[in-house]
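# Commentary on secondary and tertiary structure
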Number of protein chains: 2
Amino acid sequence: MTGIVAIIGSGVIGAGWAARFLLGGWHVRVFDPDPGAETRLEATIARAKVSLPGLYDTPLPPPGRLSLHATIPEAVSGATWIQENLPERLELKRKVFQTIQAACAPEAILASSSAGLTLDALRACATRPAQICAIRPCDPVYLLPLAEVTCPEPAVADRIQAILTGLGMIPSDGSVTQSLQAALLRRALEMIRDGEASPVQIDEALRLGLAPLWSQRGPFGTASDGAGPAQFALTEGADGKAWTDSPADTPALSRSSPPASDARFVQRDAALVGMLRALKAETVGAGAGLADADRARVPAQGADTAPLLTAARTVPRDWADYNGHMTEARYLHAFGNATDRFMEILGVDADYLASGGSFFTAETHIRHLAELRIGAAFEIRTTCLDGTGKRMHLWHEMRCDGVLVATGEHMLIHVSLETRRPAPPASPVAEALARIAQAHARLATGPGVGRAIGDPR
Amino acid sequence: MTGIVAIIGSGVIGAGWAARFLLGGWHVRVFDPDPGAETRLEATIARAKVSLPGLYDTPLPPPGRLSLHATIPEAVSGATWIQENLPERLELKRKVFQTIQAACAPEAILASSSAGLTLDALRACATRPAQICAIRPCDPVYLLPLAEVTCPEPAVADRIQAILTGLGMIPSDGSVTQSLQAALLRRALEMIRDGEASPVQIDEALRLGLAPLWSQRGPFGTASDGAGPAQFALTEGADGKAWTDSPADTPALSRSSPPASDARFVQRDAALVGMLRALKAETVGAGAGLADADRARVPAQGADTAPLLTAARTVPRDWADYNGHMTEARYLHAFGNATDRFMEILGVDADYLASGGSFFTAETHIRHLAELRIGAAFEIRTTCLDGTGKRMHLWHEMRCDGVLVATGEHMLIHVSLETRRPAPPASPVAEALARIAQAHARLATGPGVGRAIGDPR
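I will try to describe carefully the structure that is included in this document. Note that the structure is a prediction, hence the values are computed from the model and not measured.

Looking now at helix H8 (residues 199-224) of chain B. Between the first and last C-alpha of H8 of chain B there are merely 29 Å, a value that for 26 residues lags more than 12% behind the 38 Å anticipated at 1.5 Å per step. Of all the bends in H8 of chain B, the greatest reaches close to 100° and is centred on Ser-215 of chain B; the proline Pro-219 of chain B follows between one and four positions later.

On to the nonpolar core, then. By size, the foremost hydrophobic cluster in this structure holds 172 residues, and its most contacted members are Ala-18 and Ile-82 of chain A together with Ala-18 and Ile-82 of chain B. Not counting the four nearest positions on each side in its chain, Ile-82 of chain B is found in contact with Ala-6, Ile-8, Val-76, Ile-100, Cys-104, Ala-108, Ile-109 and Leu-110 of chain B. Counting 67 residues, the second-largest nonpolar core is a separate cluster that includes Ala-334, Met-343 and Ile-436 of chain A together with Phe-378 of chain B.

Quick look at the environment of Leu-372 of chain A now. All names here are of chain A. Secondary-structure assignment places Leu-372 in the loop between strand E10 (357-368) and strand E11 (377-386). Each C-alpha atom, one on Leu-372 and one on Asp-34, is 58 Å from the other, the two residues being 338 residues apart in sequence. Beyond its immediate sequence surroundings of up to four residues, Leu-372 is in contact with Val-315, His-325, Met-326, Phe-378, Cys-400 and Val-405.

Our next topic: the packing of helix H7 (residues 177-193) of chain A against H8 of chain B. The relative placement of two packed helices is expressed as an angle between their axes plus a distance between the axes. It is at 10 Å that the axes of H7 of chain A and H8 of chain B come closest, and there the two elements cross at 40°. Relative to H8 of chain B, the element H7 of chain A lies oblique. Judged by the twist between their axes, the crossing of H7 of chain A over H8 of chain B is right-handed. Contacts from Thr-177, Leu-180, Gln-181, Leu-184, Leu-185 and Ala-188 of chain A of H7 of chain A reach H8 of chain B at Ile-202, Ala-205, Gly-209, Leu-210 and Pro-219 of chain B. Split by residue class, the contact of H7 of chain A with H8 of chain B holds 8 nonpolar, 3 polar and no charged.

Before going further, it helps to spend a moment on the pairing of strand E3 (residues 66-69) of chain B. Residue and element names in this part refer to chain B. Two strands pair when backbone bridges link them, and strand E2 (residues 27-31) and E3 are joined in this way by 4 bridges, in the parallel orientation. When the sheet's bridge partners are listed, Phe-31 is paired in E3 with His-69. Since E2 and E3 lie parallel, the crossover through helix H2 (residues 37-51) that links them has a hand, and here it is right-handed.

What follows concerns the sheet that holds E3 of chain B. Residues and elements named next belong to chain B. Within the open sheet, the 8 strands sit side by side as E3-E2-E1-E4-E5-E6-E7-E8. Their pairing is mixed. Looking at the sheet topology across the chains shown, the edges are occupied by E3 and strand E8 (170-173). Taking the axes of each pair of neighbouring strands and ignoring which way they run, one obtains an average angle of 25° across the sheet.

Conventions adopted
Residues numbered from 1 in each chain as written. Chains lettered and ligands numbered in written order. Predicted model: local features only at pLDDT ≥ 70, side-chain atom pairs only at ≥ 80, totals over all residues. Helix = DSSP H or I, 4+ residues; strand = E, 2+ residues; numbered from the N terminus. Expected span 1.5 Å × (residues − 1). Bend = angle between axes of the 7 residues up to and from the residue. Core = buried A, V, L, I, M, F, W, Y, C linked by C-beta atoms within 7 Å. Buried ≥ 20, exposed ≤ 12 C-beta atoms within 10 Å, placed from the backbone. Contact = placed C-beta atoms within 7 Å. Axes fitted to C-alpha atoms, helices over the stretch in contact; angles between N-to-C directions. Parallel < 35°, antiparallel > 145°, perpendicular 65-115°, else oblique. Left-handed = near helix turned anticlockwise from the far one by under 90°. Nonpolar A, V, L, I, M, F, W, Y, C, P; charged D, E, K, R; others polar. Pairing = 2+ DSSP bridges. Right-handed = clockwise from strand over helix to strand, strands pointing away.

Given below as structure tokens:
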């Protein structure tokens, strides 16, 4: 279901809610007297429009309408859901709740994003206290699914649950994020104050270790996986001190998740590899150094008089599909990387791209001759079939243990990145391409070259 | 550089170190009297061999040799690096250090993985105290890069730094992980004890919110990005309590990372989307519900008498390349998904796969006719050109705003998943395929069908 939502206060969290609702198909009415509110809102929604659909392989519903309103009554009148995101000042919030409740429908959901205030405090001076609940998201609201819900009325809680789920969020009953975060930050600030650690160390401990690990099953789920440090922390007191209160409910912890198995560890590792590669793509967190390692290990391409070695790697688990072998798109991923390496050898580097030239792929023909399983190591060697004018015609052969498993034939056209139209390559790329094409003209090529699909040649 | 490493104790952490060193090209000698040690070691190394190479686009060095040893002197004699991973019992560790130092080279690096014991305690009874240092990794050691190093001798610390970096790890000076983890778990156990929270809630708060967020820049880096809750936690006390000690060194925190910009938020969002998609692929953490949302939103394919709608989505940021448009492999990713959807329409579902039949792609021909930018929405419609015998010949047209941007022509062969050889499809898949192929025989197809690369037709 969708409807009308009123966003009261559009700072980081309010703007994030606006984006989440808008892209979920809701009509969004915003009240925020700050002169910078509209610009911030537009920037947040623009980022959400680029990022949120990327989570899905299916289209989002058509977005709703966004409108800005000069008064609270105008924004909330007729709204199904009202989300308050004002600064954490109790008196301000209480006054605003009175204004909201004078104008909104009594059956509307009225939720506060307050991170630090209790529901009792928020409700204390309200006209209809039971209408107010707390729903605490995590920034960026339009991407992270967490929504901590404090709503003692079961019927309202059910409506909230259904709406949040429809928005792609995952409601969690209660509110623990702020306490957990505060406990960790307090300890961190103590260590910094006492000269035991720097902020950089704290950040490294989280981003290079604990946080990617906890992203899958949280700290207790991780502990019940039997991961060394977390298990130790629960049983012995991880900082070397004894627990002052023995955690009497340890049995409850072990019930929170099924016991670990080799299959669970394989799943954990596959998800970690995927996460770290995502961080690698943006050069951040635990993925920041991975591209440097690749650059230090690029294989030598060999002499121009033979097909050039343009790729060598193994098949990661998440490159395989339900048929148990490397999925077809990853063949083109690998051939595309080989083409990129060939372009690097020609001298198409960051400077060349910045000067406005590049090659775009116009056509691709892939033949699958054998299967590649997870963990298989393969190499790609590349022959240049033609390198005259704007054309670059490449022939890639992918081999595993000497067996030809696939071929990739690619026609690329050199373009101007400014006009996006074909244009001849500049020196010295043109000369390098001509030289390799000439050296490769004498090489024999396989029977698949120049073939159409279904062609018996 | 590589060399010989001795692993003393091969539990979760020791086996993880063994795998990290082995795949880094080191010869690994293991001492562990536990009868289950060898099996555990083999399972860990097998998982590392499948997962670790997946982080890289280049080949790892050839792995070293693994050997198991019955005594500590045999394992450590001649080793460049000795890593101790015994249970957290100080007396045991002290005794073992004496045995190790009686047999190892005085210049060998001798490191403890101890999570809870201080370096002073570890060194206290040693023959050569200054030889001992603490290097604390995070499980799984072969994937997570964190290595917290406590080594007061600068020359040794430099050697450790160089070796860990060569192993793909990121050394961090000091030891804060255990204290941070303990502070968070203590608070969590207090809330559980007091009936304020369940272990599930704690895990949800971390895995659906804080942990994916912290994976990029850690808690202080996140706070300086201006993310709402973390910023609040630092300035006001996130749990509603005032700080007992004002964090006098807040200026140091703001220096720990550059200020946030729109570009930083775009990067953060792109990395988050990639991480969540990795979690989606393994149905875990914040990605667990995303596939359900897709299943609920599969577009209706339409009548058999027209090309079927087999995909509709937008271009995520990480599908684009340095040329600023959708990278070539993602065209085949999208066409592959369209083929999967076509197979689903035929009745190729989990049951059918379990019965032993599937289609494998034999050949692919892609033509690029226009560019697709980040955020562009596209659709794929599919015509079945042939569906007789074992063959399934498909023609995909990809359109954005009505403009044909690419075509994909695919020849698939039906196979037995047992023999991995061609075999005819079973009922009712064969009949569904024949019916659609017949209905599609009357449809006009574009000029690119059956064309070879460079063919002027």
